[in-house]
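# Reading the structure
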Amino acid sequence: MRKIASNKALTHQGVIDNPLVELDERGVVVRITRCETPDREPFTEHYAGLLVVGLDDALQKELLSRYDPLPDWLPERLPQQGELYLVTGLDYRSLRTTPHTTFRRLG
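Residues numbered from 1 in each chain as written. Predicted model: local features only at pLDDT ≥ 70, side-chain atom pairs only at ≥ 80, totals over all residues. Heavy atoms only, no water.

## With respect to the sheet that holds strand β4 (residues 19-23)
To keep it simple, the criterion reads: Two strands qualify as a pair provided DSSP detects at least 2 bridges between them. Here a strand is any run of E in DSSP of at least two residues, a helix any run of H or I of at least four, and the numbering for each starts at the N terminus. For helices, the axis comes from a line fit to the C-alpha atoms of the stretch in contact; other axes are also lines fit to C-alpha atoms, and the angle between any two N-to-C directions lies between 0 and 180 degrees.
The sheet built from four strands is open, its strands ordered β5-β4-β1-β6 with mixed pairing. Among the strands making up the open sheet, the edge pair consists of β5 (29-34) and β6 (44-46). The mean angle between the axes of side-by-side strands here comes to 25 degrees, regardless of whether they run parallel or antiparallel. Sheet topology note: the strand β1 (residues 2-5)/β6 ladder contains three bridges and is parallel. Looking at the pairing, K3 lines up with T44 of β6.

Structural data, given as structure tokens:
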């Protein structure tokens, strides 16, 4: 089981602060918990950015074409399970995309 931590995650349920995401051997998210001290969790990877579950190619394109805050529209479009993506280059106060927004599949 692979463990990944970040400051925030976005799922079909909304924004999660201090997430600790567990992935199975296929790279699919199996569990998300909150963890105030992920640096104390052994074998945990740490990433700066927003972790997003189930961000497919179509949603990535739509993300880059919209300026609405992601929590306002994206959660209802995300699947309950899926691969984990790291989104960087956001305006982190409003969670809006910028010209510097990029995506990286972590699963």
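Next, the rest of the story.
## So, the environment of E45
Defined as follows: Note on contacts: a residue pair is in contact if any heavy atoms of the two residues lie within 4.5 Å. We call two N or O atoms a polar contact when they sit within 3.5 Å, provided that within protein one can donate a hydrogen and the other can accept it, with sequence-adjacent residues counted only if both atoms are side-chain atoms.
Mapped onto the elements of the fold, E45 is located in strand β6. Separated by 24 residues in sequence, E45 and V21 place their C-alpha atoms 9.7 Å apart. For E45, the contacting residues outside a window of four places in its chain are R2, K3, I4 and A5. A polar contact is formed between the side chain of E45 and the side chain of R2, at a distance of 2.6 Å.

## A few points about helix α1 (residues 57-65)
Think of an α-helix as 3.6 residues a turn; residues three or four steps apart then line up on the same face. Counted only if it meets this: The cut-offs for exposure are 20% and 50% of the maximum accessible area for each residue type, with area from a 1.4 Å probe on protein chains only; residues under the lower value are buried, those over the upper are exposed, and the others partly exposed. Arc, as used here, means the arc of the directions from the helix axis to the C-beta atoms.
Here α1 has its buried residues at L59, Q60 and L63. Down the axis of α1, the smallest arc covering the buried residues is 105 degrees, so these residues share one side. In this structure, α1 carries D57, A58, K61 and S65 as exposed residues pointing more than 90 degrees from its buried face. Of the surrounding elements, those touching the buried residues of α1 are α2 (70-73), β8 (84-88) and β9 (102-105).

## Brief notes about the sheet that holds strand β7 (residues 50-53)
The five strands are arranged β3-β2-β7-β8-β9 in an open sheet whose pairing can be described as mixed. One side of each edge strand has no neighbouring strand; the edge strands of this open sheet are β3 (14-17) and β9. Across the sheet, the axes of successive neighbouring strands diverge by a mean angle of 25 degrees, strand direction being ignored. Bridge count for strand β2 (residues 8-11) against β3 is four bridges, and the pairing is antiparallel. Note on β3: the bridge partner recorded for K8 is D17.

## Quick word on the pairing of β4
Counting buried positions along β4 yields five of five residues, so the element is predominantly enclosed. Here β4 shows two buried faces, one formed by P19, V21 and L23 and the other by L20 and E22. Direction of pairing for β1 relative to β4: antiparallel, over a ladder of four bridges. By the bridge assignment, A5 is partnered in β4 with L20. Bridge count between β4 and β5: five bridges; the pairing is antiparallel. The residue of β5 that forms the bridge with E22 is R31. Hairpin geometry of β4 and β5 is characterised by an intervening segment of five residues between the two adjacent antiparallel strands and by a positive phi of about 90 degrees at G27.

In short, shape yes, function no, at least from these values alone.
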